[in-house]
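# Notes for the structure review
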Amino acid sequence: MRAECAALRYGGRRLGLVPTMGALHEGHLSLLRAARAQCDVVAASIFVNPTQFGPQEDLAKYPRPFARDSELLRAEGVDLLFAPSVEEMYPAGAVTFVSVEALSERLCGRSRPGHFRGVATVVSKLFHVVQPEVAFFGQKDAAQVAVIRALVRDLLLPVEIVACPIVREADGLALSSRNVYLSSDQRRQALTLYRSLSRVRELYEGGEWDTTRLISAGVEEFSREPGPRLDFLEIVDAESLEPLKTARRAALVAVAGFVESTRLIDNVVLS
Ligand code: AMP
């Protein structure tokens, strides 16, 4: 992969990387298209990274439709696919990890201890192998974007980070590889995440800036749907992920919840 990337970068061609865990959907494809539009060479990676899953999480059952994914990447005109094995990414005896302090304890990091350490570690490895000039991430994982921006800043990595908008179904449900776990009734229940965010946004746009009140309205909206269990609904600074007392433009409203055992996340940025 290193040799291929070096050859394709030859002559100063701009190489963009789109890291994924596969099970590709329109959200991933939007990142590939953004990369295609902004780069001379596009590389994608597919790697279900074990270190970002907790012991009770869905690592074993995470969907891995590799042949279909490869076809989709080919159809999008991706130049290079990097799909390493776990043993290649984590050599036997590996004891080195990358930890972005503070940020990694916020939002999903609080409910999924070690998750962002796994993300920061694998993204560092991917950047070292591919050496992209630019890497594309989805705003769907807004906390991940904040963690990676901090990682790049703090380790002086020469990579530009581009965050792409959330791709949603027509009814508002954010696309996710985990949506395949949902039955049709659970799929309907899952909409409560987006509805609670929309409620917060609507009140904010109507002039309510007190985050305690905004959050309770969002939580109330979430609990109108009896099935799903709320993990968190927070309003935070999009860069530091610190909770805000007063909402403001560019504040991040992030929600996470479980529909049965499927954990889903979503967010909106206030404007
Ligand atoms: P994953 O395969 O879930 O690790 O996601 C790979 C990349 O795709 C991450 O940067 C995600 O934020 C991004 N992504 C996932 N779902 C969406 C979506 N619905 N819209 C935009 N980007 C997404």
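As a starting point, this report considers the structure included with it. (Residues numbered from 1 in each chain as written. Predicted model: local features only at pLDDT ≥ 70, side-chain atom pairs only at ≥ 80, totals over all residues. Heavy atoms only, no water.)

What follows covers the overall build of the protein chain. A tally of helices and strands in the protein chain yields ten helices and eight strands. Whereas a compact globule of 271 residues would reach a radius of gyration of roughly 18 Å, the protein chain reaches 19 Å, a difference of no more than 12%. Here the C-alpha coordinates of the protein chain stretch approximately 55 × 40 × 40 Å along the principal axes. Put simply, the protein chain has 271 residues, and 53% of those count as buried. Per element, the accessible surface of the protein chain, about 13,000 Å² overall, is 53% carbon and sulfur. Computed over 32 positive and 34 negative side-chain charges, the separation of the two mean positions in the protein chain equals 1 Å. (Helix = DSSP H or I, 4+ residues; strand = E, 2+ residues; numbered from the N terminus. Rg over C-alpha atoms; globule rule 2.2 N^0.38 Å. Buried < 20%, exposed > 50% of the residue type's maximum accessible area, 1.4 Å probe, protein only. Areas by Shrake-Rupley, 256 points an atom, 1.4 Å probe, with all protein chains shown as cover. Lys, Arg positive; Asp, Glu negative; His and termini not counted. Charge placed at Lys NZ, Arg CZ, Asp CG, Glu CD.)

The next subject is the layout of surface pockets. Counted as a void, the second largest pocket has a volume near 210 Å³. Lining the second largest pocket are 16 residues, with Ile 46, Phe 47, Val 48, Arg 64 and Pro 84 positioned closest to its centre. Along the lines of polarity and charge, the residues of the lining of the second largest pocket split into 13 nonpolar, one polar and two charged. (1 Å grid on protein atoms, 1.4 Å probe; cavity = no way out; pocket = protein on both sides within 12 Å on 5 of 7 lines; lining within 4 Å. Points joined across faces, edges and corners; volume = space filled by probe spheres on them. Nonpolar A, V, L, I, M, F, W, Y, C, P; charged D, E, K, R; others polar.)

Here three strands make up an open sheet; going across it, the order is E6-E7-E8 and the pairing antiparallel. This sheet does not close on itself; its edge strands, each paired only once, are strand E6 (229–236) and strand E8 (262–269). Averaged over all adjacent pairs, the angle separating strand axes in this sheet is 10 degrees, with direction ignored. Of the pairings in the sheet, the one linking strand E7 (residues 252–259) to E8 comprises eight bridges and is antiparallel in character. In the strand pairing of E8, Val 259 is matched with Thr 262. In the packing of helix H10 (residues 211–223) onto the sheet, contacts are made with E6 and E7, and the angle to E6 comes to roughly 155 degrees. (Pairing = 2+ DSSP bridges. Axes fitted to C-alpha atoms, helices over the stretch in contact; angles between N-to-C directions. Contact = heavy atoms within 4.5 Å.)

Further remarks concern the pattern of salt bridges. One pass over the structure, following the stated rule, counts 22 salt bridges. For Asp 58, the salt bridge goes to Arg 178, with nearest N and O atoms at 2.8 Å. Separated by 120 residues along the polypeptide, Asp 58 in the loop between strand E2 (41–46) and helix H3 (66–75) and Arg 178 in the loop between strand E5 (160–164) and helix H8 (184–189) bring together distant segments of the chain. Accessibility expressed as a relative area gives 16% for Arg 178, which makes it buried. Put simply, Asp 185 and Arg 188 hold a salt bridge, and the shortest N to O gap is 2.9 Å. (Salt bridge = Lys/Arg side-chain N within 4 Å of Asp/Glu carboxyl O.)

We now examine the side chain of Thr 192. Its place among the elements puts Thr 192 in helix H9 (residues 191–205). Since its relative accessible area comes to 0%, Thr 192 is described here as buried. In this structure Thr 192 touches Glu 221, Phe 222, Glu 225 and Pro 228, once residues within four positions along its chain are discounted.

This part is about the nonpolar core. If you look at the biggest cluster of nonpolar residues, it comprises 45 residues, and the most contacted ones within it are Leu 107, Val 123, Phe 127, Phe 137, Ile 161 and Leu 241. For Leu 241, the contacting residues outside a window of four places in its chain are Leu 103, Arg 106, Leu 107, Ala 143, Ala 146, Val 236 and Leu 252. In terms of nonpolar packing, the next biggest core, distinct from the first, is built from 22 residues, Leu 182, Ala 190, Val 255 and Leu 270 among them. (Core = buried A, V, L, I, M, F, W, Y, C linked by side-chain atoms within 4.5 Å.)

This model, assessed by the stated rule, comprises three aromatic pairs. Both rings, one in Phe 53 and one in Tyr 62, keep their centres 5.8 Å apart while their planes meet at 80 degrees; by these two values the pair is edge-to-face. As far as burial versus exposure is concerned, Phe 53 and Tyr 62 are alike and both buried. Pairing Tyr 204 with Trp 209 gives two aromatic rings, centres 6.4 Å apart and planes at 35 degrees, and the pair type is tilted. When its relative accessible area of 48% is taken as the criterion, Trp 209 is described as partly exposed. The residue whose ring lies beneath Lys 61 is Tyr 181, and the NZ or CZ to ring-centre distance is 4.2 Å. The positively charged end of Arg 117 is found above the aromatic ring belonging to Phe 97, 3.9 Å away from the centroid. (Phe/Tyr/Trp six-rings, centres within 6.5 Å; stacked < 30°, edge-to-face > 60°. Lys NZ or Arg CZ within 6 Å of the ring centre and 35° of its normal.)

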